Amino acid sequence: MSVKALKGFKDIIPGEVETWQLIEQTARSIFHRFDLAEIKVPILEKTDLFVRSIGETTDIVEKEMYTFIDRNGSSLTMRPEGTAPVLRAYIENGLHAAKAVQKLYTIGPMFRHERPQKGRLRQFHQMSVEVLGSDHPRIDTEIMAMAWLIIKELGLTASLEINSLGCPGCRPDFNKALLDFLHQADNLCDDCLRRRETNPLRVLDCKSTGCREQYKEAPSILDYLCSGCREHFQQVEEGLDLLAVPYTVNSFMVRGLDYYTRTTFELVTDALGAQSAIGAGGRYDGLVKQLGGPDVPGIGFAMGMERLALLLEQQQKGAPAAGLDIFIVALGNAAQQKGFTLTHALRKAGLTATMDYQDRALKNQMKQAGKARARYVLIMGDEELNKKEAMLRNMENSEQAPLAVNDDMQGWAAELAGKII
Ligand code: HAM
């Protein structure tokens, strides 16, 4: 029996990968326009990093992490998200000293042991942004506008929902009001009953419809914000209006990670069933300090690449597979050898070129060139070679014309490039 991939782990094969490349190229282009620098961080980290940042009583830490003891007896975790590793790298490499405001992005796989379904995998990919060193509300607006631009340039539609989770100054007042409400509510699920005692805010993230129905009556965090948080949120809203980024306020959005303060946001769609969030993020002003770094504020977001790819496919906006500039059809030994050296010379000259080594008949090779979506085909047989003549065929309009064979391969490749590019 052949060995299969793990449940929730997916190959991205040719035909699909072009859509992924489109997503990544679009995002990279936008990240650079916003003056972000790329950072690459390891996939494996000490477990403690995630427990301390995401929070001990979150779903991710309680149920979803790929954690194991390595050969040295250390507890390691495959990163379930990118914020904690990027912040660790920021602190460890002294990036705060290099630049007052660091704007970073990273792209790569994350791992969560969730129940796989459409748009939800165990290995998934995020494109994430972390901006460290500024608590200005315009930064919040800027990064939401950046996420919005990615959606727009990909030609997708989504809605932006925003909220404020307050700060350590005002959150306790809200927690108290929420706790009072939760003690009066009945029929809470077991998870909510437990979380009511450990981390009341988390209950608002419950997926059970019974609980959700009751929470419609829960107090709104926006009514408990201190004046600083209220003003910050107001300026974020004004900023979004200035940049004409449409949004709605959703005061029940609490996010699944504990590190957030003040602004939080999600980009949601109703086109993917249960997995509605295609991107999400928020401010985490105390987190760098909590992880042992300087007291600098931060904000970021991550977009799920599987979900973006699904949306693009659904809307048939996937990128077409790349074609070839030229396919070399060589018939006979001498022609095969010339074709082989010419193909290499063409590649050196910057063209996408290939040929067939199986010595197939002309018809089959032409079929192959068509399948590979070659724009041109160069046909050479031993007989034609003797006459120093090959045939160049334009596959788009089926016109063909003889082409003199040049024995200087690189010269011939340059000549061909001039003709077909
Ligand atoms: P998150 O909400 O856990 O936030 O994930 C962000 C996005 O990753 C989600 O909106 C979704 O598109 C995608 N995603 C999450 N889990 C899965 C999964 N199992 N399968 C497919 N896609 C998934 C974070 O991870 C934060 N680190 C975001 C952030 C950055 N906040 C501040 N900076």
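The structure contained in this document is the topic of the report that follows.

### Some details on the overall build of the chain
Regarding its fold elements, the chain presents 16 helices and 16 strands. Compactness check: the chain gives a C-alpha radius of gyration of 28 Å against a globular reference of 22 Å for 421 residues, more than 25% above the reference. In terms of its C-alpha atoms, the chain occupies a principal-axis envelope of roughly 95 × 55 × 45 Å. A burial count over the chain gives 51% of its 421 residues as buried. The long-range share in the chain, meaning contacts at least 24 apart out of those at least 6 apart in sequence, stands at 70%. By element, 51% of the accessible surface of the chain is carried by carbon and sulfur atoms, the whole surface being about 20,500 Å². Within the chain, one finds 50 positive and 55 negative side-chain charges whose respective centroids are separated by 4 Å.

### Some remarks on the pairing of strand β9 (residues 261–268)
Burial runs high along β9: eight of the eight residues are buried. In terms of strand pairing, strand β7 (residues 159–164) meets β9 through six bridges, oriented antiparallel. Counted as the bridge partner of Leu160 is Leu267 from β9. Pairing of β9 with strand β10 (residues 277–283), which is carried by six bridges, proceeds in the antiparallel orientation. By the bridge assignment for β10, Thr264 is matched with Gly282.

### Details of the sheet that holds strand β13 (residues 353–355)
Backbone hydrogen bonds are what pair the strands of a sheet, in a parallel or an antiparallel way. Overall, mixed pairing links the five strands, which are arranged β13-β12-β14-β15-β16 in an open sheet. Either end of the sheet is taken by a strand with one partner, and the two such strands are β13 and β16 (400–404). The average undirected angle you get between the axes of adjacent strands in this sheet is 25°. Strand direction decides the pairing type here: strand β12 (residues 324–331) and β13, joined by three bridges, are parallel. Counterpart to Ile328 in the pairing with β13 is Met355. Of the strands in this sheet, β12, β13 and β14 (374–381) are in contact with helix α13 (residues 333–348), which crosses β13 at around 160°.

### Observations concerning the site of the ligand
Lining the immediate surroundings of the ligand are 27 residues, of which Glu81, Arg112, Glu114, Arg255 and Tyr260 lie closest. In the environment of the ligand, a nitrogen atom lies 2.5 Å from a nitrogen or oxygen atom belonging to the side chain of Glu81. Between the ligand and the protein, one listed contact pairs a nitrogen atom with a side-chain N or O atom of Glu114 at 2.7 Å. Counting residues per element, the ones that place at least two in the shell around the ligand are β6 (123–132), β10 and β11 (298–304). It is β10 that contributes the most residues to the shell around the ligand, six residues altogether. Here the residues of the shell around the ligand are counted per class, giving twelve nonpolar, eight polar and seven charged.

### A few points about the pattern of salt bridges
In this structure the tally under the stated criterion is 27 salt bridges. Salt-bridge contacts for Arg33 lead to Glu153; the nearest nitrogen and oxygen are separated by 2.9 Å. Taken as a pair, Arg33 in helix α1 (residues 17–33) and Glu153 in helix α6 (residues 137–153) lie far apart in primary sequence, 120 residues in all. Residue Glu153 is classed as partly exposed on the basis of its relative accessible area of 38%. Residues Asp48 and Arg52 are paired through a salt bridge, measuring 3.6 Å at the closest nitrogen-oxygen approach. Of this pair, Asp48 and Arg52 both sit in helix α2 (residues 47–54), four residues apart, which is roughly one turn of that helix. Overall, the relative accessible area of 43% leaves Asp48 in the partly exposed class. Among the residues examined, Arg52 registers a relative accessible area of 39% and is labelled partly exposed.

### Observations concerning the packing of aromatic side chains
Counted by the stated rule, this structure contains eight aromatic pairs. Between Phe31 and Tyr105, the ring centres sit 4.6 Å apart and the planes meet at 40°, which makes this aromatic pair tilted. Residue Phe31 is found in helix α1, and its partner Tyr105 is found in strand β5 (residues 102–111); the two are separated by 74 residues along the sequence. Aromatic pair Phe265 and Phe301: ring centres 6.1 Å apart, planes at 55°, arrangement tilted. A residue pair is termed long-range when its members are at least 10 positions apart, and Phe265 in strand β9 and Phe301 in strand β11 qualify at 36 residues. A relative accessible area of 0% places Phe265 in the buried class.

### Overview of helix α14 (residues 362–371)
Among all positions in α14, only Gln365, Met366 and Ala369 are buried. Seen along its axis, α14 keeps its buried residues to an arc of 100°; they face one direction. When the buried face of α14 is taken as reference, the exposed residues oriented beyond 90 degrees from it are Lys363, Lys367 and Lys371. In this structure, the buried residues of α14 make contact with β12, β14 and β15 (389–394). Downstream of α14 by a residue or two, Arg373 has a phi angle that is positive, lying close to 50°.

### Quick notes on the side chain of Arg202
Considering the arrangement of structural elements, one finds Arg202 in the loop between α8 (190–198) and α9 (209–215). Here Arg202 falls in the buried class, since its relative accessible area comes to 4%. At a separation of 2.4 Å, a polar atom in the side chain of Arg202 contacts the side chain of Asp258.

Reading the values: the criteria
- Residues numbered from 1 in each chain as written.
- Predicted model: local features only at pLDDT ≥ 70, side-chain atom pairs only at ≥ 80, totals over all residues.
- Heavy atoms only, no water.
- Helix = DSSP H or I, 4+ residues; strand = E, 2+ residues; numbered from the N terminus.
- Rg over C-alpha atoms; globule rule 2.2 N^0.38 Å.
- Buried < 20%, exposed > 50% of the residue type's maximum accessible area, 1.4 Å probe, protein only.
- Contact = heavy atoms within 4.5 Å.
- Areas by Shrake-Rupley, 256 points an atom, 1.4 Å probe, with all protein chains shown as cover.
- Lys, Arg positive; Asp, Glu negative; His and termini not counted.
- Charge placed at Lys NZ, Arg CZ, Asp CG, Glu CD.
- Pairing = 2+ DSSP bridges.
- Axes fitted to C-alpha atoms, helices over the stretch in contact; angles between N-to-C directions.
- Near = heavy atom within 4 Å.
- Polar contact = N/O pair within 3.5 Å; in protein donor to acceptor, adjacent residues only side chain to side chain.
- Nonpolar A, V, L, I, M, F, W, Y, C, P; charged D, E, K, R; others polar.
- Salt bridge = Lys/Arg side-chain N within 4 Å of Asp/Glu carboxyl O.
- Phe/Tyr/Trp six-rings, centres within 6.5 Å; stacked < 30°, edge-to-face > 60°.
- Arc of directions from axis to C-beta.

Coordinates in, geometry out; function isn't part of it.
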